[in-house]
Amino acid sequence: MTSRIDRELSPLYEPGSIEPEIYERWIAANAFDAHAGNSARIGGERHPFTIVIPPPNVTAVLHMGHGLDETVQDVLMRWRRMCGDEALWVPGTDHAGIATQNVIEKQLAAEGKTRFDVGRAAFLSRTEEFVRVTGGTILEQLRAIGASCDWSRTAYTLSPALSRAVREAFVRLYEKGLIYRGHRVIHWCSRCLTSLSDEEAEHEEATGTLYHVRYPLLGADGSFDTAHGLTVATTRPETLLGDVAVAVHPDDDRYRHLVGRQVLLPIADLPIPVIADGYTDPAFGTGVVKITPAHDHNDFEVGVRHGLPMPVIMTGAGEMGEEPGGGAAPRRVPADLAGLDRFEARDRIVSALDAQGFLVRRETHQHSVRHCYRCHTVVEPRLSDQWFVKMAPLAAPALEGVRRGDIRILPERHHAVYINWMENIRDWNISRQLWWGHRIPVWYCEQCGGEPIVSREDVSACPSCGGLVRQDEDVLDTWFSSWLWPMSTLGWPDTNSEDLRAFYPTDVLVSGPDILFFWIARMIMSGYEFMGERPFHTVYLHGIARDPSGRKMSKSLGNGIDPLDVVRLFGADALRYTVIAGMGMGVDVRLDPDDLEKSFTPGRNFATKLWNIGRFLLGSVGRELVAPLGSSDLSRLTRADAWILDRLNVAIAECDGALGAARPTAGDGGAWREEERFAGLRLNEYTETARRFVWNELADWYVETTKSRLAPDAEDREVARSVLVHVFDAALRLLHPIVPFITESLWQRLPVSGRSPDAVLATQRWPARDGDHAEAGREFAVVQEAVMAIRQLRADHALPPGRAVEVVVVSPNGGDGTNTARVLQEEDATLRRLARASVRVATETPREAAAHALLAGGAELVMPLAGLIDLDKECARLRQERAQLGAQLEALRGRLANERFTAKAPPHIVEVEREKEREWSQRHAQLTSKVKSLCGAH
């Protein structure tokens, strides 16, 4: 087989032809596999570094949010793997209860059926088959962007092992009294036909209507005064049928005398009491609120305090209908409203209120309305029997862990948000009225009707009487399985699991901020509850992928980007580089779905540049194997060699600092100490440092200085080859976590001796600083400064690039200036090659017309111009240009000194003129300086 070293590099970088092959090479080399036995926590020699992937839904396909999230994780994983850690990235998928069930129900609807038509068993069978076919699709797509997961450990939240963990967690919490069944108002989605947690019912700003409705007061004679009464304001008049009272504040003098009396409930024509409760705000609206305990969270609490009935007047499908509620006979819904959708009923009720004289007024109202996080249907508060987790006891250690600094949240602005949420946490509704998911492990005896049977194993008969049992119909919230993810994927509840002992706690949790409470905070709680320690030490919340208008990318908005489209057009590395380079800490990434080429130009251009650098460099060094750069070569290094080695050391240090390279040693048992935490994760800074080194310093400077030394007959060719290969090898290692495919392709072709043919860059060591080349590096920096000064002087006087010139370095005796002159004289050959300029040293400035530049250290660089340009013609031109500019400048200054102009002209016009005056003044000073140096006169 032809080796990679023998293959010719294509003139154009063609990622589509190399990326799949490279990924398969990594897989064949087991480059991403992690082994528990190597972990220092169980006696191995490597510190473990673990990340668990936020499990994508089994129904999902790759989108830009995944592309961004998984790229960040992959950068960290590849970096830590190269640093020598036993790096484990756990992949997997989430069964996604609501999302997956919605897909199957849509399929059934297209066939004219519902899930109830086919039955639970057939529905689950169909769903399982669907997941078998589509469940691994997104994992395959993640490979296309280079995700370096240990695929042998792919987890699934509905697998037998993880299902066992879910049951264990439920039973443990139940036995501790932290799980209970309650009759409370919950968030209900009439589209998904299930309850939702607080976090799943997302707030969205909406413009609605506030309806002011009069409730007539019952008079002494037993009649209602329809012209007078108490006025309440509501945005949901359809819930009026469930009102059981109106409430006023006990200290509100306006209504205190009415407490205990009754008002007429319009439409329903029922008397309801006036009650006093501190929940009512006297300063808001009229100071009177209607109480609908079965359809409002706050009203429910009022109802409990006052022992009020709680009729449910809406079905689960969001239609008006009779449903018995606790503590009262069913409230009858009028026949003309029964079966109507809640929003259609709203319109009917408002029309009736208006016709009967009960509608006082209506007004536009801006308010926050909860929507289902999956289908975006408006959520309905609804009284229901559900299973809950008591969150306060679980939140306490998770709250303290973050406050104490055991867990760090980045960016730090999210720290306060986390604290506030945890301090005000409400009990978690974990039951869902779905069929797809972990069925709640609770059974009820059909015969003796005793206490619910909560069990880790399936129950077939009542343990008390032996009677038949039925399992609870509901399933658990999907997040109840994924909150165990860092533990369950490593073997919990088997605490003797080698993986759990070797890799838990994990290290960095990477995610978007949108699931900080859905998932991350709950994982922290479960970690402390079930493992007694944090599940990770750092939470890195990256920005969100947004379009140019700032909208979050989503399929529903039609503004998303398919990462695979980017991969097909420009390659995975172009996608990765673009998102990482643009990712400041917590900063959103802006991309244009209508112009992919513009959006991903940074990554495409960088990949093209790196490929071209590699082609030139590999072509220049040849295919003969190069021995590693050793100490015997150091005495033969040129200043340029020493400078690039020094710049490499600087680049490594800056990359380490940006990433946060400190880590515990293998011998300390894997415990992180405060001073060893990640200090970095500034991924954009790391990217820019690596880019600058390979692009600006290696390619633009060092390679240019080295070209002549790489000629076949050059005296020090082998030294130049060794340095060049060494430095490019290190550069590719620095860049590998960001752009793994192109770096692997180029690295495979480096002519390095002693390398195994099966070696891959993905498992090579991260570069380390080596040697002290700072002094020689500083001296070469003098050469750089002189080259740039000469190039600028040549440009100022329009000298042809190929025209050779002489420059004089004028240096006072002693000091840095003398050292500058010495260095430049010794580097005459470099200046000839890079600036087409020979060097002469002098102690006095030449008297003839010349261009001048001041160098660091006090030395002056003089370029005599006699014979290079027509001095008389140039002086005449410069004087004329200066005179014309002076006249224009004088007129402009006169206009700005005129108060009539500055007072009457628009401020932005005045500012434009002032900026123009600053620019013209600077240009005039430059022309004066040129005239003085060339023409000997002011």
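Residues numbered from 1 in each chain as written. Predicted model: local features only at pLDDT ≥ 70, side-chain atom pairs only at ≥ 80, totals over all residues. Heavy atoms only, no water.

**Notes on unusual backbone geometry**
Going from Leu410 to Pro411, the amide bond is cis rather than trans, its omega being -5°. Structurally, Pro411 can be placed in the loop between strand S17 (408–410) and helix H11 (413–423). Unlike most non-glycine residues, Asn30 shows phi in positive territory, near 55°. Tracing the sequence through the fold places Asn30 in the loop between helix H1 (15–28) and strand S1 (48–52). (Helix = DSSP H or I, 4+ residues; strand = E, 2+ residues; numbered from the N terminus.)

**So, the sheet that holds strand S21 (residues 453–454)**
One open sheet holds the three strands; their spatial order is S21-S20-S22, and the pairing between them is antiparallel. Two strands lie at the open edges of the sheet, namely S21 and strand S22 (469–471), each paired on one side alone. The pairing of strand S20 (residues 442–445) with S21 spans two bridges and is antiparallel. Its bridge partner lying in S21, Trp443 is registered against Ile453. (Pairing = 2+ DSSP bridges.)

**Describing the packing of aromatic side chains**
Evaluation of the coordinates by the stated rule reveals 22 aromatic pairs. Ring plane angle 35° and centroid distance 5.4 Å describe the contact between Phe480 and Trp483, whose orientation is recorded as tilted. Judged by its relative accessible area of 0%, Phe480 falls in the buried class. For Trp483, a relative accessible area of 0% corresponds to the buried category. Look at Trp643 and Phe780: their rings are 5.1 Å apart centre to centre, the planes differ by 40°, and that puts the pair in the tilted class. Here Phe780 lies in helix H25 (residues 774–796) and Trp643 lies in helix H21 (residues 639–659), a separation of 137 residues in the sequence. Phe780 carries the same exposure label as Trp643, and that label is buried. Members of the aromatic cluster, connected to one another through ring pairs, are Phe170, Tyr174, Trp387, Trp428, Phe480, Trp483, Trp492 and Phe530. In this structure, Arg382 packs its charged tip against the face of Trp188, placed 5.0 Å from the ring centre. (Phe/Tyr/Trp six-rings, centres within 6.5 Å; stacked < 30°, edge-to-face > 60°. Buried < 20%, exposed > 50% of the residue type's maximum accessible area, 1.4 Å probe, protein only. Lys NZ or Arg CZ within 6 Å of the ring centre and 35° of its normal.)

**With respect to helix H27 (residues 828–835)**
Among all positions of H27, only Asp828, Thr830, Leu831, Leu834 and Ala835 are buried. Here the buried residues of H27 occupy an arc of 155° about the axis, which is enough to place them on one side. Arg836 sits one or two residues past H27 and shows a positive phi near 55°. (Arc of directions from axis to C-beta.)

**A closer look at the layout of surface pockets**
Looking at the second largest pocket, its volume works out to about 1,300 Å³. Lining the second largest pocket are 44 residues; nearest its centre among them are Thr235, Arg236, Asp296, His367 and Ser368. Mapped onto the lining of the second largest pocket, the elements with two or more residues apiece are strand S7 (201–218), strand S8 (224–234), strand S12 (288–291), helix H8 (297–306), helix H9 (342–355), strand S15 (359–372) and strand S16 (380–389). With seven residues, the single largest contributor to the lining of the second largest pocket is S7. Residue classes in the lining of the second largest pocket are distributed as 13 nonpolar, 18 polar and 13 charged. (1 Å grid on protein atoms, 1.4 Å probe; cavity = no way out; pocket = protein on both sides within 12 Å on 5 of 7 lines; lining within 4 Å. Points joined across faces, edges and corners; volume = space filled by probe spheres on them. Nonpolar A, V, L, I, M, F, W, Y, C, P; charged D, E, K, R; others polar.)

Function-wise, these values are silent; they only describe arrangement.
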